[in-house]
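Residue-level listing of the chains:
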Amino acid sequence: VRIVESAGELSALAEAERVAGRRIALVPTMGALHAGHLSLVAEARRRADRVWVSIFVNPAQFDDPGDLARYPRSLEADLAACRAAGVDLVFAPPAREMYPAGAATWVGVDALCEPLCGRSRPGHFRGVTTVVAKLLAAARPHVAVFGQKDFQQLVLIRRMVRDLLLGVEIVAAPIVREADGLASSSRNATLDPEARRQAVALSRALDVAERALAGGETRTAALLERVRAEIGAASRAELDYAELRDPDSLEPAPDVLRGPALLALAVRFRTAEGGAAARVRLIDNRVLVPPAGHGADP
Ligand code: PAF
């Protein structure tokens, strides 16, 4: 696998691939690669001749310096995983390459960045869309692959690409889960064993809501009540939000569901880290579809 640190070199390589008529797929990551990332790489491989992975822990998307410091970093292991997965190139720039001295340009998507994670992580999405815009500008991929676990991020990136006429196809890959149902995340490794055991409450809560909806419970408030009860049963969990929203506009879902709705969850788990108490924030989501007869008007 070729390792590139300079955005200029990456752009020159992109130009050469395009001139040769080859399609490039980019998988943007912050490293600490797990099964979820590798599924994005596999999706990228299906859609392009060249698979490029970027590894950059983007300081601009961390609202909490402690969270940035704690974020797992494992470049050597990540490079080995990329090699094994047949990745052609890894772009691993230093921070000064992505944010040159005096950098003053930000890319933000209004409104869509406000609800859900935007409320408890001010500035987070502006950091995400800014760095993704830079990565797309430097790598000039035909396709970029993102995971559905970060559903709001995906919606924002699609909107940014559309609004800025970036001409990149954005592909969404399904959530990959560990054996007990917990969504794969680089943060899972930072949970102590008890918090890790309890973290399955997120996917259980999604299952509970899905089953209730399948059983005919279409009232938003009743569905959310069941979700909150499931999360509340985990003693280490502190609910950040549980919301039902429109999967495209992220507007709040109606009081009674008649069409697909995004159930999005964020939960902080109290965990012991090096003897000190810390909180690890996990997210999960599922698009719920009301059963036939409760669905969209004919
Ligand atoms: O999803 C992530 O890992 C990050 O938000 C991304 C898209 C790589 C931007 O830093």
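Above: the structure in question.
Residues numbered from 1 in each chain as written. Predicted model: local features only at pLDDT ≥ 70, side-chain atom pairs only at ≥ 80, totals over all residues. Heavy atoms only, no water.

S.K.: Tell me about the site of the ligand, and name the residues and values.
M.R.: Near the ligand you find Pro28, Thr29, Met30, Asn58, Gln61, Val131, Val132, Phe146, Asp150 and Gln153, and these make up its full shell. For the ligand, an oxygen atom lies 2.6 Å from a polar atom in the side chain of Gln61. Isolated, the ligand exposes 290 Å² of accessible area, and the fraction of that covered by the protein chains is 89%. Elements supplying a minimum of two residues to the shell around the ligand: strand 2 (24-29) and helix 7 (124-139). Counted by class, the shell around the ligand contains five nonpolar, four polar and one charged residues. (Near = heavy atom within 4 Å. Polar contact = N/O pair within 3.5 Å; in protein donor to acceptor, adjacent residues only side chain to side chain. Areas by Shrake-Rupley, 256 points an atom, 1.4 Å probe, with all protein chains shown as cover. Helix = DSSP H or I, 4+ residues; strand = E, 2+ residues; numbered from the N terminus. Nonpolar A, V, L, I, M, F, W, Y, C, P; charged D, E, K, R; others polar.)

S.K.: Report on the pairing of strand 2, specifying residues and quantitative values.
M.R.: Across the six residues of strand 2, six count as buried, placing the element largely inside the fold. Residues Ile24, Leu26 and Pro28 line one face of strand 2 and the alternating positions Ala25, Val27 and Thr29 line the opposite face, and both faces are buried. Where strand 2 meets strand 3 (residues 50-55), six bridges bridge the pair, whose relative direction is parallel. Bridge assignment links Pro28 to a residue of strand 3, and that residue is Ser54. On the question of chirality, the crossover connecting strand 2 to the parallel strand 3 by way of helix 2 (residues 35-47) is right-handed. (Buried < 20%, exposed > 50% of the residue type's maximum accessible area, 1.4 Å probe, protein only. Pairing = 2+ DSSP bridges. Right-handed = clockwise from strand over helix to strand, strands pointing away.)

S.K.: Any details on the environment of Ser6? Residues and values, ideally.
M.R.: By the element assignment, Ser6 lies in the loop between strand 1 (2-4) and helix 1 (7-19). What makes Ser6 partly exposed here is its relative accessible area of 26%. Sequence spacing of Ser6 and Ala111 is 105 residues, and the spatial spacing of their C-alpha atoms is 33 Å. Ignoring anything within four residues of it in the chain, the contact list for Ser6 reads Phe91 and Glu97. Reaching out from Ser6, the side chain makes a polar contact with the backbone nitrogen of Gly8 at a distance of 3.2 Å. (Contact = heavy atoms within 4.5 Å.)

S.K.: So, the pairing of strand 5 (residues 143-147): which residues are in play, and what are the values?
M.R.: For strand 5, a buried count of four out of five residues is recorded, marking the element as mostly surrounded by other parts of the structure. Bridge count between strand 2 and strand 5: two bridges; the pairing is parallel. The partner of Leu26 across the bridge, within strand 5, is Ala144. Here five bridges tie strand 5 to strand 6 (residues 169-173), and the two strands are oriented parallel to one another. By the bridge assignment for strand 6, Val143 is matched with Glu169. Handedness of the crossover joining strand 5 and strand 6 through helix 8 (residues 151-163) is recorded here as right-handed.

S.K.: Give me unusual backbone geometry: which residues, what numbers.
M.R.: Phi angles above zero are rare outside glycine, and Ala111 is one such case at about 65°. Following the sequence through the fold, Ala111 ends up in the loop between helix 5 (95-98) and helix 6 (117-120). Among the residues examined, Ala111 registers a relative accessible area of 47% and is labelled partly exposed. The phi dihedral of Leu165 falls on the positive side, at around 55°, and the residue is not glycine. Locating Leu165 in the fold gives a position in the loop between helix 8 and strand 6.

S.K.: Pulling in residues and values, what's your account of the environment of Gly127?
M.R.: Among the secondary structure elements, Gly127 is positioned in helix 7. Considered as a pair, Gly127 and Val41 are 86 residues apart in the sequence and their alpha carbons are 23 Å apart. Aside from chain neighbours lying at most four places away, what touches Gly127 is Asn58, Ala60, Gln61 and Tyr99.

S.K.: Can you break down the sheet that holds strand 2 residue by residue, with the values?
M.R.: Spatially, 1-4-3-2-5-6 is the arrangement adopted by the six strands of the open sheet, whose pairing is parallel. Single-partner strands in this sheet number two, and they are strand 1 and strand 6. For this sheet, the mean inter-axis angle between neighbouring strands, taken without regard to orientation, is 25°. In the packing of helix 7 onto the sheet, contacts are made with strand 2, strand 3, strand 4 (89-91) and strand 5, and the angle to strand 2 comes to roughly 150°. (Axes fitted to C-alpha atoms, helices over the stretch in contact; angles between N-to-C directions.)

S.K.: Go over the nonpolar core with me, naming the residues and quoting the values.
M.R.: Counting residues in hydrophobic clusters, the biggest one holds 44 residues, and the most contacted among them are Leu10, Trp52, Phe91, Val132, Leu136, Met160 and Ile170. Listing elements by their share of this core, those giving two or more residues are helix 1, strand 2, strand 4, helix 7, strand 5, helix 8 and strand 8 (261-273). It is helix 7 that provides the largest number of residues to this core, a total of nine residues. Apart from the residues lying within four places of it in its own chain, the contact partners of Leu10 are Val4, Trp52, Leu89, Phe91, Ala138 and Ala139. With 29 residues, the next largest nonpolar core counts Ile231, Ala242, Leu263 and Leu265 among its residues. (Core = buried A, V, L, I, M, F, W, Y, C linked by side-chain atoms within 4.5 Å.)

Geometry only, nothing functional implied.
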